Amino acid sequence: MVRRIGFTDFSDALTLALRREASETVHAIPPLRAALVPPKSAPRIDALPPRLRTPDTARGSAILDGRFAFCGDTLTLDDENPSPWARPLPSREFALRLHGFHWLRDLLSCADAEAPDLACGLVDQWIGTLGRWNSFSWSPDVLPERVVQWLEAGEILFTGEAGRKRLASLDRQIRHLKRTATLASDGRPRLKAAFALSLGGICLGERGPAGAAGLALLEQELDRQIFADGGHVSRAPQAAADTMIDLVTLDAAAETANQTLPEKVRRATDRIAPVTRFFRMHDGGLACFHGGGAGDRKAIETALSHSRTGERSFGYAPHSGYQRSEAGGATVILDAGKPAGGALGTDAHASALAMEFSAPGGRLIVNCGWSDDQPRSWRQVVRATAAHSTLTLEETSSCRLVPPGRGQQILGPRFLSGPGNVTARRTEEEIGLWLEASHDGYRAPFGLMHRRRIFLAADGGDLRGEDALSRPVEDGPPENPEAHIRFAIRFHLHPGVRASLSRDAMSALLVLPTGDGWRFRTDGGPVRIERSVWLGGSAPPKRTSQLVISGEAEPYGAGERPPNRVRWAFQRLGRVGNAAGKSG
């Protein structure tokens with residue numbers, strides 16, 4: 001385990017905070033604000049972006065009824081409080097979704113004839129209340145999403161005299177974003193700011209400088225944030241997929257406007273497409289790692305169809321730090337890399353050697369995952385190692401968070417320390433494929449290394465694994481050879497899986513919604529079935545269960561025999577239940 005935070009982290013965080021505070025101070029003074037972003041006539045619209053992302057019609061219907069529900073909280077409008085813009089909001093995360101107009105596509109997806117009128121009315125209310133400037137609503141972490149959402153709404157917002165006023169407001173916001181995009185939080189927020197600025201410049205005619213500035217920033221951030229293998233530096237599969245969807249949206253808008261994106265931007269799309277296929281499971285969604293969920297399956301499929309790389313993919317993402325094994329419709333993805341550090345690590349998970357496993361009948365083994373729609377009370381919980389399908393020691397995580405206090409206020413919820421060395425290798429044979437990986441995240445506190453070996457048979461019907469704990473020889477003998485160390489190996493089940501234990505509790509029957517059955521066995525039992533939760537899909541969190549193998553490791557073990565070695569297997573049985581997933 002190595003320390004991941006140094007002086008540079010504090011200096012960079014403080015510098016960005018001071019730059020943002022200076023920008024807010026200047027823009028809070030009306031004469032200066034007017035000088036920086038002077039009024040202009042409404043521009044013309046050269047193009048509008050396609051709506052690739054899937055709307056939530058149920059949420060749109062709730063908004064028609066006066067209810068805004070985000071991140072586990074609800075705001076209800078009534079005759080006395082018909083506007084959401086001047087009211088206290090339940091949380092910062094709720095405010096991000098509301099002021100970013102994340103919900104606009106949901107509202108406009110409703111068949112109700114009142115939906116467009118309500119959308120225009122809410123936009124007009126926002127302009128009347130906050131259209132001049134507001135430190136939160138105009139911040140570079142909020143503004144970009146609103147720009148994109150308004151552009152996607154297209155002619156519904158920008159028709160007639162009222163539409164020209166909305167367009168003038170949008171143009172002013174884009175020009176403000178041109179000055180502040182570099183102040184967005186590092187990672188996906190800054191990429192989103194560059195994308196929104198580029199999109200605004202392409203879609204609104206006679207605003208070339210904004211588009212040029214946006215594309216320049218976009219090229220810079222793509223170079224910095226996209227690995228050579230196409231993954232995002234946060235190591236979140238969903239971050240890479242969302243970036244690809246944005247780039248495809250931008251390319252479509254540029255084509256409509258008879259413009260051509262820089263080749264560097266187009267090449268980035270081609271890099272991201274194969275790694276997005278790498279992370280897709282059998283149901284078309286993404287594996288859930290490092291702050292991402294299953295993603296928008298339809299949007300991902302549409303974006304991939306525009307890729308120039310065809311169906312090309314691979315089995316090992318060396319820069320992203322993941323291994324993939326696929327056979328007979330079964331897929332295993334193993335996290336074999338270190339969590340992201342610095343400002344990019346505020347959403348990283350302590351998931352070293354965690355795995356996800358899916359079969360033709362659906363997902364079996366998952367991590368708890370995350371979606372920004374979920375209640376924030378779960379956010380730090382699901383970053384822990386125990387929220388992943390891997391091994392934990394003494395119910396602790398393989399990474400340590402910055403403790404609450406001034407440090408966390410400055411840096412955000414980064415990891416203070418974590419694995420310093422994560423290794424992986426793969427061996428392909430005719431009978432199947434072996435994956436082997438190890439990490440030292442538990443070496444400093446407990447003196448043990450964790451090694452995981454996985455074998456997937458060539459027909460995809462037999463997945464075998466081994467988790468081993470060993471003390472490095474160079475560390476010498478433990479201080480107390482009698483002090484055994486508790487461990488737990490967890491396999492979180494997808495909510496669609498039904499599990500039942502055998503009488504001897506050494507195996508379990510797992511039944512998918514299709515009725516396909518799998519037998520789980522282990523030599524390290526007994527196995528327990530405990531409660532779990534899955535947050536990788538839409539809100540609210542879905543109740544599920546997990547298989548847990550517990551034991552006590554010897555502090556001096558070599559990982560070659562029990563109790564420091566546990567073997568397990570998932571073996572396909574065929575159809576054993578009905579379509580509801582109940583064994584019969």
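The structure displayed is predicted, hence computed values, not measured ones. (Residues numbered from 1 in each chain as written. Predicted model: local features only at pLDDT ≥ 70, side-chain atom pairs only at ≥ 80, totals over all residues. Heavy atoms only, no water.)

Chemist: How would you explain helix α10 (residues 208–225) if you had to name every residue and give the values?
Modeler: In an α-helix, one full turn covers 3.6 residues, which means residues spaced three or four apart are oriented alike. Over its 18 residues, α10 runs 25 Å from end to end, which matches the ideal 26 Å to within 8%, given 1.5 Å per residue. Those residues of α10 lying buried are A210, G211, G214, L215, L217, L218, E221, L222 and Q225. The secondary structure elements touched by the buried residues of α10 are α8 (160–180), α9 (188–203), α11 (237–256) and α12 (263–279). (Helix = DSSP H or I, 4+ residues; strand = E, 2+ residues; numbered from the N terminus. Expected span 1.5 Å × (residues − 1). Buried < 20%, exposed > 50% of the residue type's maximum accessible area, 1.4 Å probe, protein only. Contact = heavy atoms within 4.5 Å.)

Chemist: With reference to specific residues and values, describe the environment of T423.
Modeler: Within the secondary structure, T423 sits in strand β12 (residues 422–429). For T423, a relative accessible area of 35% corresponds to the partly exposed category. On a C-alpha basis, the gap between T423 and A336 in space is 6.8 Å, while along the polypeptide they are 87 residues apart. Not counting chain neighbours up to four residues away, the residues in contact with T423 comprise E436, A437 and S438. At a separation of 2.8 Å, a polar atom in the side chain of T423 contacts the side chain of S438. (Polar contact = N/O pair within 3.5 Å; in protein donor to acceptor, adjacent residues only side chain to side chain.)

Chemist: Give a detailed account of a nonpolar patch on the surface, specifying residues and quantitative values.
Modeler: Judged by side-chain polarity, V26, I29 and L32 come together as a nonpolar surface patch covering roughly 210 Å² of accessible area. The class for L32 is partly exposed, based on a relative accessible area of 39%. (Patch = residues over 30% accessible without salt bridge, like charges linked within 9 Å, V, L, I, M, F, W, Y side chains within 5 Å. Areas by Shrake-Rupley, 256 points an atom, 1.4 Å probe, with all protein chains shown as cover. Salt bridge = Lys/Arg side-chain N within 4 Å of Asp/Glu carboxyl O.)

Chemist: Explain the packing of aromatic side chains to me, and be specific about the residues and the numbers.
Modeler: By convention here, two paired aromatic rings are described through the distance between centres and the angle between planes. Evaluation of the coordinates by the stated rule reveals 22 aromatic pairs. With a centroid separation of 5.6 Å and an interplanar angle of 90°, the aromatic rings of F101 and W150 are classed as edge-to-face. Here W150 lies in helix α7 (residues 143–153) and F101 lies in the loop between α4 (92–99) and α5 (104–108), a separation of 49 residues in the sequence. For the pair F101 and W150, one class covers both residues: buried. An aromatic cluster of at least three residues, connected via ring pairs, comprises F68, F70, W85, F94, F101, W103, W126, W138 and W150. Looking at R235, its charged tip hangs above the ring of Y322, at a distance of 4.5 Å from the centre. (Phe/Tyr/Trp six-rings, centres within 6.5 Å; stacked < 30°, edge-to-face > 60°. Lys NZ or Arg CZ within 6 Å of the ring centre and 35° of its normal.)

Chemist: Any details on the side chain of D270? Residues and values, ideally.
Modeler: Checked against the element boundaries, D270 lands in helix α12. By relative accessible area, which is 15% here, D270 ends up buried. Ignoring any residue separated from it by four or fewer positions in sequence, one finds D270 in contact with S307, R308, T309 and R312.

Chemist: Would you mind going over the confidence of the model for the protein chain in detail, with residue names and values included?
Modeler: For the protein chain, the average pLDDT comes to 94, and 98% of its residues sit at 70 or higher. Segment residues 579–584: pLDDT under 50, and 15 contacts once partners within four positions in sequence are set aside and those in other chains are kept. (pLDDT = per-residue confidence, 0-100.)

Chemist: Can you explain the sheet that holds strand β13 (residues 432–439)? Please cite residues and give values.
Modeler: Strands sit in the order β12-β13-β14-β15-β22-β19-β18-β17 across an open sheet of eight strands; the sheet is antiparallel. Each of the sheet's edge strands pairs with one partner strand only, and the pair in question is β12 and β17 (498–501). Sheet twist, expressed as the average angle between the axes of neighbouring strands with direction ignored, equals 15°. Summarising the sheet, β12 and β13 pair through eight bridges and their orientation is antiparallel. Paired with A424 across the bridge in β13 is A437. (Pairing = 2+ DSSP bridges. Axes fitted to C-alpha atoms, helices over the stretch in contact; angles between N-to-C directions.)

Chemist: Quick one: what's the story with unusual backbone geometry, residue by residue and with numbers?
Modeler: In this structure, P526 follows G525 across a cis peptide bond, with omega equal to 5°. Even without a glycine there, the phi angle at L353 is positive, about 65°. Of note, L353 is situated in the loop between β6 (330–335) and β7 (355–359). Phi is positive for A505, close to 60°, though the residue is something other than glycine. Tracing the backbone through its elements, the reader meets A505 in the loop between β17 and β18 (507–511). Given a relative accessible area of 16%, A505 falls into the buried group.

Chemist: Go over the pairing of β6 with me, naming the residues and quoting the values.
Modeler: With six of its six residues buried, β6 lies for the most part within the structure. The pairing of strand β5 (residues 322–327) with β6 spans six bridges and is classified as antiparallel. Counterpart to R324 in the pairing with β6 is I333. Here β5 hands over to β6 after two residues, with G328 in that stretch at a positive phi of 55°. In this structure, β6 lies alongside β7, joined through four bridges in antiparallel fashion. Its bridge partner being in β7, L334 is matched across the sheet by M355.

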